[in-house]
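# Notes for the structure review
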2 protein chains.
Amino acid sequence: MTERIAAELVRDYLRWHRSVGGAPVRADEGVRALLRDLSRRMAERSTPWPAPGYLAHMTGDTPVAVTLAYLCALLYNPNNIAPETSPVTTELEYEVADDLCRLVGHAPGSGWAHLCSGAHAAGYEALWIARNLTALAPAAARHPAGRDLLADVSPARLANLPVPSVLDLVERLAARGALHEVRRLRAPAGNAALLVGRTAHYAWAKAADLLGFAEDRVEQVGVDRHHRMDLTDLRARVERLIAAGRPIAAVVVTVGTTAEGAVDDLAGVLRIRTACERRFGAGFPVHVDAAYGGYFRTVLDVEDTDARPLKPEVAAALQALPHADSVTVDPHKCGQAPYPAGALVVRDRRALAVVATRDGCFGEPRPDGGLPFAPYTLEGARPGAAAAAVWAAHRLGGLHTGGYGRLLAGCLGTARHLHQAFTAPLGSVAPGPTSAYAPDLAILNLNPGAPGTGDPRAWSARLRESGLWVSAARADTIRLCVMKPLDARGRDRVEQSLRQAFERP
Amino acid sequence: MTERIAAELVRDYLRWHRSVGGAPVRADEGVRALLRDLSRRMAERSTPWPAPGYLAHMTGDTPVAVTLAYLCALLYNPNNIAPETSPVTTELEYEVADDLCRLVGHAPGSGWAHLCSGAHAAGYEALWIARNLTALAPAAARHPAGRDLLADVSPARLANLPVPSVLDLVERLAARGALHEVRRLRAPAGNAALLVGRTAHYAWAKAADLLGFAEDRVEQVGVDRHHRMDLTDLRARVERLIAAGRPIAAVVVTVGTTAEGAVDDLAGVLRIRTACERRFGAGFPVHVDAAYGGYFRTVLDVEDTDARPLKPEVAAALQALPHADSVTVDPHKCGQAPYPAGALVVRDRRALAVVATRDGCFGEPRPDGGLPFAPYTLEGARPGAAAAAVWAAHRLGGLHTGGYGRLLAGCLGTARHLHQAFTAPLGSVAPGPTSAYAPDLAILNLNPGAPGTGDPRAWSARLRESGLWVSAARADTIRLCVMKPLDARGRDRVEQSLRQAFERP
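Quick notes on the rules
For every chain, the first residue of the written sequence is number 1, and numbering continues from 1 onward in sequence order. Numbering of ligands from 1 and lettering of chains from A proceed in the order in which they are written. Where local features are concerned, this predicted model is filtered to residues with pLDDT of at least 70; where side-chain atom pairs are given and counted, the filter is 80 or more; whole-chain, interface and lining totals use all residues. Only heavy atoms go into the side-chain values, all of them from the structure, while hydrogens and water stay out. Between any two strands, at least two bridges found by DSSP are needed for them to pair. Helical segments are the DSSP runs of H or I of at least four residues, strand segments are the runs of E of at least two, and each set is numbered from the N terminus. For helices, the axis comes from a line fit to the C-alpha atoms of the stretch in contact; other axes are also lines fit to C-alpha atoms, and the angle between any two N-to-C directions lies between 0 and 180 degrees. Superposition of the copies was done by least squares, using only C-alpha atoms of residues whose pLDDT is at least 70 in both. Only heavy atoms enter the contact rule, under which two residues are in contact if any of them lie within 4.5 Å. Buried area is a sum: the accessible area each of two parts loses on coming together, probed at 1.4 Å, counted once for each and added. Salt bridges are defined as contacts in which a side-chain nitrogen from Lys or Arg sits within 4 Å of a carboxyl oxygen from Asp or Glu. Pairs of N or O atoms within 3.5 Å make up the polar contacts considered here, provided that, within protein, one atom can donate a hydrogen while the other can accept it, and that residues adjacent in sequence are counted only when both atoms are side-chain atoms. Residue polarity is assigned by list, with Asp, Glu, Lys and Arg as charged and Ala, Val, Leu, Ile, Met, Phe, Trp, Tyr, Cys and Pro as nonpolar; anything else, Gly included, falls into the polar class. Either an automatic procedure or a domain database provided the assignment from which the domain bounds are taken. By definition, disulfides here are pairs of cysteine sulfur atoms that lie within 2.5 Å. Only protein chains enter the accessibility calculation, which uses a 1.4 Å probe; a residue is then buried when its area is under 20% of its type maximum, exposed when over 50%, and partly exposed in between. What sets the label is the angle itself: under 35 degrees gives roughly parallel, over 145 gives roughly antiparallel, 65 to 115 gives roughly perpendicular, and the rest give oblique. When the near helix sits turned anticlockwise from the far one by under a right angle, the crossing is termed left-handed; a clockwise turn instead gives a right-handed crossing.

## Concerning the sheet that holds strand S4 (residues 248–254) of chain B
Residues and elements named next belong to chain B. Taken in spatial order, the 7 strands line up as S1-S7-S6-S5-S4-S2-S3 in an open sheet, and their pairing is mixed. The sheet terminates laterally at strand S1 (112–116) and strand S3 (218–221), the two strands that pair on one side only. The average undirected angle you get between the axes of adjacent strands in this sheet is 20°. When strand S6 (residues 326–328) meets strand S7 (residues 342–346), the two strands line up antiparallel, connected through 3 bridges. The residue of S7 that forms the bridge with Thr 328 is Leu 344.

## With respect to the relation of the copies chain A and chain B
The pair of chain copies shares a relation made of a rotation about an axis and a shift along it. Note on the identical chains: chain A maps onto chain B by a rotation of 180° and an axial translation of 0.0 Å, with an RMSD of 0.0 Å. In symmetry terms, the pair is related by a two-fold rotation axis. Among all residues of chain A, the one whose C-alpha sits closest to the rotation axis is Leu 211 of chain A, at a distance of 2.3 Å. Interface residue correspondence from chain A to chain B reaches 99%, placing this contact among same-surface, isologous pairings.

## Quick notes on the interface of chain A and chain B
The interface is formed by 115 residues belonging to chain A together with 114 residues belonging to chain B. Both faces combined, the contact of chain A with chain B buries some 10,500 Å², and carbon together with sulfur accounts for 63% of it. Sorting the residues of chain A by area buried against chain B places Asn 77, Leu 210 and Tyr 339 of chain A first, and these three jointly supply 7% of that buried surface. For the pair chain A and chain B, the number of links is 20 salt bridges. With a closest N to O distance of 2.8 Å, Glu 8 of chain A and Arg 32 of chain B form a salt bridge. One can count 49 residue pairs in polar contact (both at pLDDT 80 or more) joining chain A with chain B. Mapped onto the side of chain A that touches chain B, the elements with two or more residues apiece are helix H1 (2–19), helix H2 (29–45), helix H3 (64–74), helix H4 (87–104), helix H5 (119–141), helix H8 (179–184), helix H9 (203–210) and helix H14 (384–397) of chain A. Take the side of chain A that touches chain B: its biggest share by element is 15 residues, from H1 of chain A. Looking at the side of chain A that touches chain B, its residues break down into 62 nonpolar, 26 polar and 27 charged.

## Observations regarding the domain arrangement of chain A
Residues and elements named next belong to chain A. Partitioning chain A into structural domains gives domain 1 (98–398) and domain 2 (402–503). Centre-to-centre separation of domain 1 and domain 2, based on C-alpha positions: 33 Å. In this complex, domain 1 contributes 36 residues to the contact, which on the side of domain 2 involves 22 residues. Regarding the contact of domain 1 and domain 2, the summed buried area is about 2,300 Å², with carbon and sulfur atoms giving 59% of it. For domain 1, the biggest contributors to the area lost against domain 2 are Glu 260, Tyr 292 and Phe 296; these three give 21% of the whole. Counting across the interface, domain 1 meets domain 2 through 2 salt bridges. Between the two partners, domain 1 and domain 2, sit 13 residue pairs in polar contact (both at pLDDT 80 or more). Of all the elements in the fold, those that place two or more residues in the side of domain 1 that touches domain 2 are helix H13 (331–334) and H14. Top contributing element to the side of domain 1 that touches domain 2 by residue count: H14, with 3 residues.

## A closer look at the state of the cysteines
Following the criterion strictly, the structure yields 0 disulfides over all chains and no others. This cysteine, Cys 72 of chain A, is not joined by any disulfide, and Cys 72 of chain B carries the nearest cysteine sulfur, 19 Å off. Look at Cys 72 of chain A and you get buried, because its relative accessible area is 1%. The thiol of Cys 116 of chain A is not disulfide-bonded; the next cysteine sulfur, from Cys 101 of chain A, is found 14 Å away. Using a relative accessible area of 7% as the deciding quantity, one classes Cys 116 of chain A as buried.

## Section: the packing of helix H17 (residues 456–465) of chain B against helix H18 (residues 488–503) of chain B
The relative placement of two packed helices comes down to the angle between their axes together with the axis-to-axis distance. Residues and elements named next belong to chain B. Two numbers describe how H17 lies on H18: the axes approach to 10 Å, and their chain directions differ by 135°. Taken together, the axis directions place H17 and H18 in an arrangement best described as oblique. For the pair H17 and H18, the sense of crossing is right-handed. Between H17, through Trp 459, Arg 462 and Leu 463, and H18, the contact on the second element is made entirely by Ser 497, Leu 498, Ala 501 and Phe 502. Residue composition of the contact of H17 with H18, grouped by class: 5 nonpolar, 1 polar and 1 charged.

## Focus: unusual backbone geometry
The omega angle of the peptide bond from Tyr 339 of chain A to Pro 340 of chain A is -5°, so this bond is cis rather than trans. Here Pro 340 of chain A shows up in the loop between H13 and strand S7 (342–346). Phi at Gln 336 of chain A is positive, roughly 70°, even though this residue is not glycine. Gln 336 of chain A gets classed as partly exposed once you look at its relative accessible area, which sits at 23%. Even without being glycine, Asn 77 of chain B reaches a positive phi, approximately 50°. Inspection of the secondary structure puts Asn 77 of chain B in the loop between helix H3 (64–74) and helix H4 (87–104).

Next up, the structure:
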């Protein structure tokens, strides 16, 4: 059936190609030979995501139906930069954008989302928006069109005006036709502080450098023994910056770190912000890097047979997502979509005005009065095929408790079972791998144990021979990233392979 | 044959999927119905790139063989972030990188190239590298490990140290293990000037804002009546900045503007730089946005039947490409590849060290001692399938005079013939469309003429009814973007449609 569908999609395309008057399509034996050779190479050496023992990378076994949806659109090569170059896939991206808004907890009409190349791009864009939001009030106070709006705000409070007040300011300046002029007055980019947890993704170091943050303004917030952001440290840093009248461009919270799957206490961060707003009249943008964790919101209402699938503190963080100003979520991680499919979800679409390109506004607005993509996205050309794939993945997988929820709950269950199999308190001496703490999401870190330590290349090669692919989060950690649920037999095999490799090396 | 190959690729994948122990692949009637419906929508409403009269956007009729190469790799979902997640497609990207280095005129061993999501991302990355290069010498002069290397350089010269000297500095600081420390000392990002032609792509406004350039440091260089950068204006600006000791982050030169296909006098810009180096000991990074124009280098040695395909000044600019510090070139524009396939080509790979992520260096170096991608690219996850598509396009199309060269010369010939059909001096009054100047590349701008002016939506709808798709570069310009050669009959049809629509509206 799968091959037949693929052939049908190609046939439809060829018919269309002829119907619009295209030159005859050539696919001779030379083409076939090249593609047969490429196909042989791919099949011989590709990374075996579908293997039951594959637990090494954050890439799942993409459903072939989703890949075919990508192919279907790819044939027509749509570019979602503007509806006129992608009449169908722009519509699909609007549907996907609404899906993603709902996933994060927003009403589609007020939130905004779009696809992008991945979490790096989403992070750059989120930080760009946040940095420009923070810079707006001080600039407006120096502009004739904004001065009266901020007459009663002290300079120290201007530096960190709460986000809702900045968004109101955006709206008022835009109504006066002065937003673009005011944006020009912003302070140099290096001026503001960026607060990121110490175990956040290395892309945030790239982002800080790219966006011009002075290195001494990038503050690495400490983490606790669960690799979650230390909120006592965060509160102290934020209060110090606010008291000094130094602008905070953003606090970046991670919901699912790459190495440990650790989930920061987002609700706690938001409580700190609320307290600052009450006590000092000062706030800061909060961005959540949920590239890995975002889709786990579909698990919130899943009832498991033997336990709640999510720890209460993880569920609380996921429940708090709609209160963050922006959220990165990657359909190409837990969303069953192939690369490239990242996404940024923005809570209040008024925020986009601070990065909008004035002259780049082409294309028709969507029928319901929504926004075109190009003037507000970091990227220009974007593959419409990616929108088709994510759209199909959401339709086929079901972006709810019974669909993605059930699948991801299964992954959580597998990780929890493996933790239980290896559980031992931190620092205890065991003859083999141990798990010191229950995983927040579906990534488990094991300590290989005294006899098993050594070069991760050596032990990962040894494990691979027994059909188990793992990675090393740090030199001394076995990282298991569960992207598909394993049944009891599958889990037993993983356990056995690990014990054999480390207990009897 | 095409459908058969597609079915074979899917069959190979399904066999591989079973062989690595994947769960059974499900493609039922529900899946088929969804995909049949998607396919029907795509075929009913997609933008007709293959149509002979389609001259509206910078997207060609991608060869189906290339699309199938994309499909072939897509099935295995490789991520070119690291070789272990993409064993085959990372190799293909190394081959493509060598192709692109050769295309731009570099020896693959010294230059460096990689694919990215598009020209926006390539531009951000190029500007990031250039900005950090410019900032390095002043930072090094303030650091104990760099001070002695710059003892005899005055502060004014430090601001604009010539690029070759900065690259030597990079190497020396790296040898002393001090590069990362020195990078931290750089001045705030808003400090340096960015010089861009007034008709450059609007993405440069995004780039300047994203990278934190203060708005008054972004200098729009004037253009002449051919929409090319005015070098008298450029020289004056550059000399003024150098004299004032104000750093120049980059001069951005466009080889093929989006609106007019205009080619800046790159050789002239490089002469200005050489003169500055001789007279003042000061230089600046030069980035070329050849997203559209880059592949036209394959035309340099094409012999046409009735004329040289390229104007001498355009040929000179293309010949000068290897002397630019970095070049954007988009395989998804003139490279016969589907979205997403942009690329950045860097002249000297030592430059990458100023944006490298220290902790992001994972993956094996390539066998010949080359560089892994992830620590040096703006993006993280990147679709390996895009590498497979560009690789196939280059192999099947032939990245030389007889391949792409012939094809693009044909596009140039079509544009030239259409220009000749409508040629009339600027300002002359004609009853219909006129072309005031011969196009630099294969984009022609026509003045619709007195009776034809009015709402571009109205006249482009009228043209579409006669089978001609065009766009409006500005409100009063008919823009024809020739992405495939037309024979005499095809050109006559275009001419006829235009005359009918504007002379007898």
